[in-house]
Amino acid sequence: MYRYDEFDHQFVQARVAQFSDQVERRLAGEITEDQFRPLRLMNGVYLQLHAYMLRIAVPYGTLSSKQLRMLAHIARKYDKGYGHFTTRQNIQFNWPALSDVPAILADLASVEMHAIQTSGNCIRNVTADHFAGAAADEAADPRPYAEILRQWSSVHPEFSYLPRKFKIAVTGSERDRAAIQTHDIGLHLKKNAAGELGFAVYVGGGQGRTPLVAKKIRDFLPEQHLLSYCTAILRVYNLYGRRDNKYKARIKILVHETGVEEFTRQVDAEWGELKDGELTLPEADIKAIDAYFAPPALPARPEGDEAIKLARLDSRSFSEWLDQNVVTHRNPDYAAVTISLKGIGEVPGDASDSQMDAVADLAEKYAFDEVRVSHEQNLILPHVARADLKAIYDRLAEIGLATANSDLISDIIACPGLDYCALANARSIIVAQNISKRFASLERQRDIGELKLKISGCINACGHHHVGHIGILGVEKKGAELYQVTLGGSADEHTSVGEIIGRGFGPDEITDAIETVVETYLAIRLDRSEKFLDAYRRVGPAPFKEALYAGEAKAA
Amino acid sequence: MKILTANRLTDGEAVWYAGGAWAETIDSSELAADKAAEERLETIGAASFAANEVVDVNLIDVDVVDGAIHPLRLRERIRAAGPTNRNDLGKQARPNAA
Ligand code: HEM
Ligand code: SF4
């Protein structure tokens, strides 16, 4: 894992001191809310419906046991005993007092964490494939590059006041688990024919009120040019991105309005000035960062196969969990485990302080001290010996985190929605809970197969509804909640934006509507191997519309 | 009818203006039944904001049903009670909450 050097420590400490002073002056009435608001946002402090909210960065979703324990401690000491893991691999606390934030940030700094650039019109936390370093299908671990981007973008003087927020994601695999095509910049790390590392560069993806899939503007950018090329993109954006209208200020609009060809030409022209200059990454520097992410030494544990065979016979629930939540590791004696934060009827992404502590203990004991946060709001143990899986499962079952539903319909992404969020139009959490309860039977869920359901409480799309196989968007109509359903979205290497299927559904109707969509799929699929998304892409919206609305048309 | 609401500066707690001070629950909020009363509340809110006591000050629409104050928007009902998915959080979790 990355370790802070002296500079990092000083930088974070200095920021804690600076913001503590700003909070103190605010509480003493020396600065006004209008002066303070941008300062607090730069440090991850929002105001929500019930209280302040603190968003803490989890760079590229990687945590050590010690860091996770500190998050548990913060939940216990300063908040209400839980935290919310988000689609940007961060964690949010929903109830901190402003007066406690300096102490929280000091505690975080003691474990090399912070809340810097988790809000505001700057380059945000860089997200990465949650299986990075473990995935069998990876060209190389993308996190060293995410770390290089983090160092480069932290309080970058030129890019701290962009037209709008800016989000970068990286993956090292063909199979995209980091949703890179929905980001302002998406980077796909790969090898060329000569075995050299470089990136396919995607620009201008985004969700919100204008969902757009990113465009590939370069197929292979040699790794040493990462910063000069990203700088060129950001310069073009900083110069031409719209500042007159917040809704048109993201780079996706610039790329769209300029046209991909012309935009690429502008980037290349700018890059021409920068290329091979001081932003070129020396091989030694890449190697130095790489070294921090060196995979743990994985001792041979060949006894795993036999142990699993026996444990499977012994426990059906373990067997189901193994099939659903455990994925192949590049080392055959090992596996990567998804710890579902989506227990049936639970709040997607929430974990209690004791659960965080227990997961930290598991990671320390069995997983080389490493935990990941996935953008699907689950936790991951990236490296565990197959021989230890049963012990891990047993402990997860004790703490209520052994639900075997990874990638199934109850593995729902949901934003906080109207239960917490000041911008919301409708609730998200309760919709997720009701759907999860309706489909509680694991047998039924497995029969349905892979199905990504994503819910946002307003068009900002924090819950990724545009790219859900089934997406649900909460709107407010005549003072009441209404839920719009989109179908056919996806956030993988074939990213697509879902299509709105028809009129929305009230809170009492939405669960039934989702069940109708699912039943329609089951009726039309060619066989069990045809997934929901494939079936939708084959037949289009017609049968779903028919099933949802035909009765009405006849009645009308 | 309208009432005045805000969040307290120091801890973000949702508060409502009630007879000379900010209260942590909605029940005793001062009601404004006409334009003049609304303006009076607005002035009080602006002064309290300027005095750095509260932030995000708003007048909100309410009905009074059987003597109980009932915000028209779900958003404000959730602020007054707490998250609907967990009744152990927010105002509804207080020992004296109905
Ligand atoms: C106080 C709570 C929050 C506020 C005020 C907020 C605000 C926003 C806004 C205004 C946008 C739209 C940006 C645009 O279209 O330019 C947005 C997008 C987004 N937010 Fe949030 N958000 C909140 C919570 C969250 C949470 C909890 C998550 C993760 C679960 C999240 C992740 C995202 C993502 C992934 C997007 C869409 C990607 C994009 O930027 O295009 N946000 N948010
Ligand atoms: S999508 Fe809307 S309701 Fe949900 S967290 Fe984002 S801003 Fe809030």
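Residues numbered from 1 in each chain as written. Chains lettered and ligands numbered in written order. Predicted model: local features only at pLDDT ≥ 70, side-chain atom pairs only at ≥ 80, totals over all residues. Heavy atoms only, no water.

Caption draft 1: Spotlight on the overall build of chain B. The helix and strand tally for chain B stands at two helices and five strands. Beginning at the N terminus, the succession of helices and strands in chain B can be written as β-β-β-α-β-β-α. Here the C-alpha atoms of chain B give a radius of gyration of 13 Å, agreeing with the 13 Å that 2.2 N^0.38 yields for 98 residues. By principal-axis analysis of the C-alpha atoms, chain B measures approximately 35 × 35 × 20 Å. (Helix = DSSP H or I, 4+ residues; strand = E, 2+ residues; numbered from the N terminus. Rg over C-alpha atoms; globule rule 2.2 N^0.38 Å.)

Caption draft 2: Structural context of the coordination of the iron atom of ligand 1. Coordination of the iron atom of ligand 1 by the protein comes from a single atom, A:Cys462 (SG), at 2.2 Å. Following the sequence through the fold, A:Cys462 ends up in the loop between strand 17 (453-456) and strand 18 (470-477). (Donors = N, O, S within 2.8 Å, 3.2 Å for Na, K, Ca; no water.)

Caption draft 3: Representation of the site of ligand 2. All residues adjacent to ligand 2 are A:Cys415, A:Pro416, A:Gly417, A:Cys421, A:Leu423, A:Ala424, A:Ser456, A:Gly457, A:Cys458, A:Asn460, A:Ala461 and A:Cys462. For the shell around ligand 2, a count of residues per class yields eight nonpolar, four polar and no charged. (Near = heavy atom within 4 Å. Nonpolar A, V, L, I, M, F, W, Y, C, P; charged D, E, K, R; others polar.)

Caption draft 4: Spotlight on the packing of helix 11 (residues 316-325) of chain A against helix 13 (residues 389-398) of chain A. All names here are of chain A. Where helix 11 meets helix 13, the axes come as close as 11 Å, and the angle between the chain directions of the two elements is 105°. The orientation of helix 11 with respect to helix 13, classified from their angle, is roughly perpendicular. Taking contact as the criterion, the partners of Ser317, Phe318, Trp321 and Leu322 in helix 11 are, on helix 13, Leu389, Lys390, Ile392, Tyr393 and Leu396. Looking at the contact of helix 11 with helix 13 residue by residue, the classes come out as seven nonpolar, one polar and one charged. (Axes fitted to C-alpha atoms, helices over the stretch in contact; angles between N-to-C directions. Parallel < 35°, antiparallel > 145°, perpendicular 65-115°, else oblique. Contact = heavy atoms within 4.5 Å.)

Caption draft 5: Molecular detail of the domain arrangement of chain A. Residues and elements named next belong to chain A. Per the domain assignment, the segments making up chain A are domain 1 (6-109), domain 2 (134-292), domain 3 (304-398) and domain 4 (413-555). Placing a centre on the C-alpha atoms of domain 2 and another on those of domain 4 gives a separation of 31 Å. Contacts between the two partners involve 11 residues from domain 2, matched on the other side by 13 residues from domain 4. Both sides of the domain 2 and domain 4 interface together cover about 1,100 Å² of buried area, and 58% of this is carbon and sulfur. (Domains from an automatic or database assignment. Buried area = accessible area lost by both parts, 1.4 Å probe.)

Caption draft 6: Main features of the interface of chain B and chain A. In this assembly, 24 residues from chain B lie in contact with 30 residues from chain A. The junction of chain B with chain A conceals about 2,200 Å² of combined surface from both sides, 57% of it contributed by carbon and sulfur atoms. The largest per-residue losses of area from chain B upon contact with chain A belong to B:Leu9, B:Arg75 and B:Asn85, which jointly make up 24% of the total buried on that side. In this assembly, chain B and chain A are joined by one salt bridge. Put simply, A:Glu476 and B:Arg73 hold a salt bridge, and the shortest N to O gap is 3.0 Å. (Salt bridge = Lys/Arg side-chain N within 4 Å of Asp/Glu carboxyl O.)

Caption draft 7: Quick peek at the sheet that holds strand 17 of chain A. Residues and elements named next belong to chain A. Ordered in space as 16-17-18-19-20, the five strands form an open sheet in which the pairing is mixed. Either end of the sheet is taken by a strand with one partner, and the two such strands are strand 16 (413-414) and strand 20 (499-500). By the bridge criterion, four bridges tie strand 17 to strand 18 in an arrangement that is parallel. Looking at the pairing, Ser456 lines up with Leu473 of strand 18. (Pairing = 2+ DSSP bridges.)

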